Amino acid sequence: MAEPVDGWSAGRSAYVIAPFVLGLLLLVTHLQATGLNDGLPWRATSPDSLASVQLLSATLPRFCVAILAGALLGLSATLLQQGLRNPLAEPGTTGLLSASRLCVAGSLVWFPALSGSLALPVLAGTILALVIVIGLSMRQAMSPLFLVLNGLVLALLCDAVTSVLILTRYEDLADLLLWQAGSLVQNNWHVTRLLLAGLVLLAFIIVVLRKPLSMLDLEDTVSGSLGLSPKMVRLLAVGLAAVATALVTAHIGLLAFVGLAGATLAKLLGARRFLHRAALSSVLSAGLLLVTDQVLQRGEGIMAIPAGTVCALFAAPLLLFLLHSGRTRTSPGTRFELKWRPQRFTGRALLSALVLLLVIVTCLALFLGRSDSSFVWASFDNFPELLPWRLPRVVAALGAGSMIALSGFLMQRLTGNSLASPEMIGVSSGATLVMLPVIFFLPPLSREQTMLVAAVGALIFLIIALRLARRSHYAPERLLITGLAITALSGSLLSTVIYFGDIRLTRLLGWLSGSTYSVTGFDASVAVLVLAITLAVLPFLRRWLEILPIGESVSVALGVEIKIARFWIILLVALQTGVATVLIGPVTFVGLVVPHLVRLCGLRRPMVQAAGCALGGAALMVAADWTGRMIAFPWDVPAGLIACAFGALAFGVVVSRRSQ
Amino acid sequence: MSRRSVLGAVLAAPGILLSGRPSGASGFSSARLVSLDLLITEMLLTLGETPLAISNIPLYRRLVASPALPVAVKDLGPFNEPNREFLQGISPGGILVADWQAPNLQSLNRIAPVIPVKVFPGKVPALSHSEALLQQIAAMTGREATAKAAIAGMWQAIEQASSRLSGFGRKIYICRFNRDGRNIALFGGNGMLADVVARVGLENAFTGRVNGAGVTNAALSRLAEDPEAVIVHFDRGAETDVAVSRLEQNALWNVLPAVRAGRVVRIPVIYPNGGIHSAGRFAEQLRLHLGALAHG
């Protein structure tokens, strides 16, 4: 196959035109099937007949809105990827969507009478997210890594709080569940006009500013020497992307992954220059959303499913296929760099402090409880009664916290990508993906059966991840995008299920938020056993963990069998993530943040960092479990959610302190 | 089948039958039950059996509302993760849970017997299922007479609605408008609401698929499928006000024949998965509002 010169060859326009032709065909058959073609202006008996109004103010605007929203999201993702120089960037990873969602949830719970429009909370959320993320990133000179990292941390924090709201105020949030499902149903041309105006304006700005925006491809020093402030341009790109996202999000709902799919496909189809990528990405996203929505419209007689929930179902396999079909090449990823201050404490002092911390939180979690009005220390009399409730969850939290933090540490060492976390190889999402249909379509299962199902799910996706990874010689970039696609798939399935609004769902939500409630003594001993195995194996991986992050060529030169090293590390990660996921649900934030925190504190040598991660992760989860039991007594808040909030806050504090 | 299942439940859980009578009369009954499900709570209160504690009190007040929940009842927290240390302190005589919750809550057996109750009707008509369920719970608490009266009351409400609406020729949509003014929740299938509609002798205009609880989300345009029907929708206060004001600016809404002819009826919110008591209330609302529509 000929190498694409610069993006555009005639054969590839088929990819671009096909979705629109298909969308149009689907629309025509829909009109015929429902008799709405009687509403066409030249056939209608009167302009306000039912068919005519339905056609002109519902069906046609819906068709246009799909195209416009898709295009805006495609542009937005390209701008974000350009601004942040990260192939994984999209509105979701910068915290924009999650912050909007939290604001919408908050306004629905506390100001339900607020006018019907969600525009205000969405706008507030987007601005808030931008100010926080950019404010934190300013301190690191807008380094792309820190921007995405801050965005991701913010997203996780917001999602944790939203989950608490959904868990506790499920019924108040019926509208949130509907909105986050991303329905394209329309009743007039209002939204269409708004989105069209936004798209035209945005396209105009991008064309005018194409030169500075293209410069972001270059290294910051190069573009700086060309007389541009990369910081300002990067801010501009992210700002424009935020506007486009907010416009779509406020008027339609959460349509995650559409933009990322379009932008990635555009690159895979060979678009290289910024303007080409932006145009192609928006056209592809538009086509994708259009086809999805039209297919769903055809099935509406049976069941109405919003486009937002399904997009990822279509987009994820497409991405996977293109990534692994061998016909495409991924551009070599830009390496991220973090600058370190000289360390202030000795490793030994820090580790001792962590041990002390772990002991203190464990004692708290075991001995301090709550009654209706006050805190109560366990006494000799009632402790034997309380211990069977408290011991298993404390031990399981400790083990799971350690394992997840260690997995994150291993992933980050393996890939050299600071955003890597256990979720990224898709094991915990895979477990979720298998759990969802089982909970809904099978009769109630016992806890052991449920765990077996989750374990099978984790195993299936581990095998898939390993197979895909082997084909690409364990290339980190592909592994990450694969994991991301699987994650999006399970996320989309989850919001589809939530959309069907069934009370039984609350059980699943508990598991998904990392609850230690149903852990048994046996579970806890399994967690401890697996943790012990990992800790015993780690010293043998020391050399690999030291060399791998430096880069592939260096590792080969130093005589590391890269494939073997990667295989064993992935296996270890999968084992730990799988066990932890089965026990308390997909808690992944700990895996992302704890290794960072530990490194920022100055523990950088592999073995010292590993010890720090194990201790820190354990302390974090145990503290989170205890706090979750105390904070809203008698309501239990899942430990995973609290850990997420803890981690995010700690991370924010450390990041802003370090850079002063 | 219903009698047999009642018998089975009673035999399976003999421990809770009139066990551990407390000496003082505290307003709570002898059985000292707690409930982890909204429908079960509704049924206990219908029987005049005040539970010691229930899960998620705010949700009960908002969604079920009637029969009113006494202030003394304590909150146990979420449905699926009731606070165990708190529950241990209350020391109940029995823990009533929905069957789908039971597998996760086996550990509660250490505190008191966990009694699973089949809350979703499945293939059985919702009202028959609900009758059997009420009798089952009545048998556990020795309140069979109250159950009989409650069931008779519901059938009377349905009978009255049925005779009042005997000449009512139109089908009805039962729905809830979403705040966004574009989407609605439609009730049908084998849910309690749909069953009451059928027993009153009316016909549900919506015949599409619904979930296990008898509801589905749909686009507003679904209401155009039967132009002759009446639209009955639930009033959820501020949320419904917003929805209605948005709908009034909506071209599609304004050309719906039901809207043009004023065949839109707003009734107080009723728990769609409710039991005998909710069913009776729904029948009464239908009689009042549709009756006014039919007879001027």
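Predicted model, so just to flag it, every value in this text is computed and none were measured. (Residues numbered from 1 in each chain as written. Chains lettered and ligands numbered in written order. Predicted model: local features only at pLDDT ≥ 70, side-chain atom pairs only at ≥ 80, totals over all residues. Heavy atoms only, no water.)

## Quick word on the overall build of chain A
When helices and strands are counted, chain A shows 26 helices and two strands. The burial tally for chain A puts 60% of its 660 residues in the buried class. Surface exposure of chain A reaches about 25800 Å², of which carbon and sulfur atoms provide 71%. (Helix = DSSP H or I, 4+ residues; strand = E, 2+ residues; numbered from the N terminus. Buried < 20%, exposed > 50% of the residue type's maximum accessible area, 1.4 Å probe, protein only. Areas by Shrake-Rupley, 256 points an atom, 1.4 Å probe, with all protein chains shown as cover.)

## Brief notes about helix α23 (residues 562-584) of chain A
Residue and element names in this part refer to chain A. An ideal rise of 1.5 Å per residue puts 33 Å on 23 residues; α23 measures up with 33 Å between its terminal C-alpha atoms. Here α23 lies mainly inside the structure; 17 of its 23 residues are buried. Gly585 sits one or two positions beyond α23 and adopts a positive phi of about 95°. (Expected span 1.5 Å × (residues − 1).)

## Details of the sheet that holds strand β7 (residues 183-187) of chain B
Residue and element names in this part refer to chain B. The sheet built from five strands is open, its strands ordered β8-β7-β6-β9-β10 with mixed pairing. Each edge of the sheet is formed by a strand with only one pairing partner; in this case those strands are β8 (215-219) and β10 (264-268). Here the strands of the sheet are splayed against their neighbours by 35° on average, with no regard to which way each runs. Relative to β7, strand β6 (residues 172-177) runs antiparallel, the two being bridged by three bridges. Bridge pairing links Phe177 to Ile184 in β7. Sitting on the sheet, helix α8 (residues 238-247) is in contact with β6, β9 (230-235) and β10, with an inclination near 110° to β6. (Pairing = 2+ DSSP bridges. Axes fitted to C-alpha atoms, helices over the stretch in contact; angles between N-to-C directions. Contact = heavy atoms within 4.5 Å.)

## Overview of a nonpolar patch on the surface
Judged by side-chain polarity, Leu452, Val456, Ile460 and Ile464 of chain A come together as a nonpolar surface patch covering roughly 340 Å² of accessible area. In this structure Leu452 of chain A comes out as exposed when scored by relative accessible area, which is 58%. (Patch = residues over 30% accessible without salt bridge, like charges linked within 9 Å, V, L, I, M, F, W, Y side chains within 5 Å. Salt bridge = Lys/Arg side-chain N within 4 Å of Asp/Glu carboxyl O.)

## Here we look at the pairing of β9 of chain B
Every other side chain in a regular strand lies on the same face of the sheet, so the side chains alternate between the two faces. Residues and elements named next belong to chain B. Here β9 lies mainly inside the structure; five of its six residues are buried. With four bridges joining them, β6 and β9 adopt parallel strand pairing. Note that in β9 the partner of Tyr173 across the bridge is Ile231. The pairing of β9 with β10 spans five bridges and is classified as parallel. If you follow His233 over to β10, its bridge partner there is Arg266.

## Examining the packing of helix α15 (residues 383-415) of chain A against helix α24 (residues 589-600) of chain A
Residue and element names in this part refer to chain A. Running from N to C, α15 and α24 cross one another at 70°; their axes reach a closest spacing of 7 Å. Here α15 lies roughly perpendicular to α24, going by the angle between them. Note that α15 runs across α24; the crossing there is right-handed. Contacts between α15 and α24 pair Gly401, Ile404, Ala405, Gly408, Phe409 and Gln412 from the former with Val590, Gly591, Leu592, Val594, Pro595 and His596 from the latter. In the contact of α15 with α24, the residues fall into seven nonpolar, five polar and no charged. (Parallel < 35°, antiparallel > 145°, perpendicular 65-115°, else oblique. Left-handed = near helix turned anticlockwise from the far one by under 90°. Nonpolar A, V, L, I, M, F, W, Y, C, P; charged D, E, K, R; others polar.)

In short, geometric facts, not functional conclusions.
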